[in-house]
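Here is what each chain is made of, one letter per residue.
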Amino acid sequence: MTDDSAKLTAEELEARLRQVGAERYHNLHRFHRRLHSGGCAYEEVQAWALNRYYYQSMIPIKDATVLTRLSNAEDRRQWRKRIEDHDGLREGDGGIERWLKLTDSLGFSRDYVISTEGILPGTRFAVEAYVEFCRTRSVTEAVASSLTELFSPNIIGERVAGMLAHYSFVSSETLAYFSQRPPQAKRDAEFALNFAVQHAKTRADQDLVVKALEFKCSVLWAQLDSLWSAYVEGAVPPGAWEPGSVAKARGEAA
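Residues numbered from 1 in each chain as written. Predicted model: local features only at pLDDT ≥ 70, side-chain atom pairs only at ≥ 80, totals over all residues. Heavy atoms only, no water.

- Named according to an unreviewed UniProt entry, the protein is Pyrroloquinoline-quinone synthase originating from Methylocella tundrae.
- The UniProt entry for the protein carries the following text under Sequence similarities (unreviewed entry): "Belongs to the PqqC family."
- Taken verbatim from the UniProt record of the protein, the Function (unreviewed entry) comment is "Ring cyclization and eight-electron oxidation of 3a-(2-amino-2-carboxyethyl)-4,5-dioxo-4,5,6,7,8,9-hexahydroquinoline-7,9-dicarboxylic-acid to PQQ." (UniProt positions renumbered as here; feature names shortened; annotations may be inferred.)

Below, the structure is given as structure tokens:
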């Protein structure tokens, strides 16, 4: 049994969470370093955008699951903004639409991207594990798992600057998804951090909050491991998108 006399202060809990990011956030992954430094081939950037779409598309589904579990109306109002950010308030708006503009620019048809037919098994398993985590674990753990947003503004700055500097096939317009995210992420992280601090009543609860963030970091890390294996080392699994197989990806007749 955990001794509640060892319960962390709010400041200590936040420090623990930030330590998780410093040690485990996926800006440390070798694929991201390769991407930001200009080391990726065009096909590797294509693969990253195609696979990352599945994560982006499932975020509002994950958030809708969490929304149904929030008992306080003000909490629901705040959480609902996440779904609006990704889905948009009207057709042609929102983060998912902006991500599709990126995959458009990289030669994929929207039907192919949205079908998720070409994504890696590791991408699918990691993303679906995240949705399941948020469905089955406590609502405090589900909210805390989103705290990777504490660290995302920094990685977004690195990503945009690096990609614009090194890849002629991207532009500020095709990377528009990222221009919207830092203020949204800051707002969302503040809510999630306050929620976790408020609802983690015991040291055991606080430890679960930290573990939830570690799990989310692993979800992001696992996706990049799959990309590295398939598209840097060349071990593309059966059924996944193959570099050079453009006809189907563009929606053309084979």
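Describing the overall build of the protein
Point 1. Helices and strands together make up the secondary structure of the protein, namely twelve helices and zero strands.
Point 2. Along the protein, helices and strands appear, N-terminal first, in the series α-α-α-α-α-α-α-α-α-α-α-α.
Point 3. Its C-alpha radius of gyration of 19 Å places the protein within 12% of the 18 Å reference for a compact globule of 254 residues.
Point 4. With the C-alpha coordinates aligned to their principal axes, the bounding extent of the protein is approximately 65 × 40 × 35 Å.
Point 5. In the protein, which comprises 254 residues, the proportion classed as buried is 50%.
Point 6. For the protein, the share of sequence-separated contacts (at least 6 apart) that also reach a separation of at least 24 residues comes to 79%.
Point 7. By element, 50% of the accessible surface of the protein is carried by carbon and sulfur atoms, the whole surface being about 11600 Å². (Helix = DSSP H or I, 4+ residues; strand = E, 2+ residues; numbered from the N terminus. Rg over C-alpha atoms; globule rule 2.2 N^0.38 Å. Buried < 20%, exposed > 50% of the residue type's maximum accessible area, 1.4 Å probe, protein only. Contact = heavy atoms within 4.5 Å. Areas by Shrake-Rupley, 256 points an atom, 1.4 Å probe, with all protein chains shown as cover.)

Side note on the pattern of salt bridges
Pairing is possible between side chains that carry opposite charge, provided their charged atoms lie close to one another.
Point 1. A complete count under the given rule lists 18 salt bridges for this structure.
Point 2. With a shortest N-O distance of 3.5 Å, aspartate 93 and arginine 90 are connected by a salt bridge. (Salt bridge = Lys/Arg side-chain N within 4 Å of Asp/Glu carboxyl O.)

A look at the UniProt feature "domain: Thiaminase-2/PQQC" (unreviewed entry) in the protein
Point 1. Residues annotated by UniProt as "domain: Thiaminase-2/PQQC" (unreviewed entry) correspond here to residues 15-225.
Point 2. Taken end to end, residues 15-225 comprises 75% helix and 0% strand; its first and last C-alpha atoms sit 27 Å apart.

Quick notes on the environment of aspartate 205
Point 1. Mapped onto the elements of the fold, aspartate 205 is located in helix α11 (residues 203-232).
Point 2. With relative accessibility at 28%, the residue aspartate 205 sits in the partly exposed group.
Point 3. Put simply, aspartate 205 and serine 138 are 67 residues apart on the chain and 9.9 Å apart in space, counted from C-alpha to C-alpha.
Point 4. Dropping the residues within four chain positions of it, aspartate 205 is found in contact with His199 and Ala200.

Examining the environment of aspartate 85
Point 1. Residue position: aspartate 85 is located in helix α4 (residues 73-87).
Point 2. Placed 25 residues apart in sequence, aspartate 85 and proline 60 show a C-alpha to C-alpha distance of 8.7 Å.
Point 3. Beyond its immediate sequence surroundings of up to four residues, aspartate 85 is in contact with Gly94, Gly95, Arg98, Arg181, Gln184, Arg187 and Asp188.

Section: helix α9 (residues 152-166)
Since there are 3.6 residues in each turn of an α-helix, residues three or four apart along the chain are aligned in direction.
Point 1. With 15 residues, α9 extends 21 Å between its outermost C-alpha atoms, agreeing within 8% with the 21 Å of an ideal straight helix rising 1.5 Å per residue.
Point 2. Against the buried residues of α9 lie α2 (30-36), α3 (42-67) and α10 (176-199). (Expected span 1.5 Å × (residues − 1).)

Some details on the nonpolar core
Side chains that are nonpolar tend, in soluble globular proteins, to be buried together.
Point 1. By size, the foremost hydrophobic cluster in this structure holds 76 residues, and its most contacted members are Trp48 and Tyr231.
Point 2. With residues up to four places along the chain from it excluded, the contact list for tryptophan 48 reads Phe31, His32, Leu35, Trp99, Leu102, Arg159, Met163, Phe178 and Leu227. (Core = buried A, V, L, I, M, F, W, Y, C linked by side-chain atoms within 4.5 Å.)

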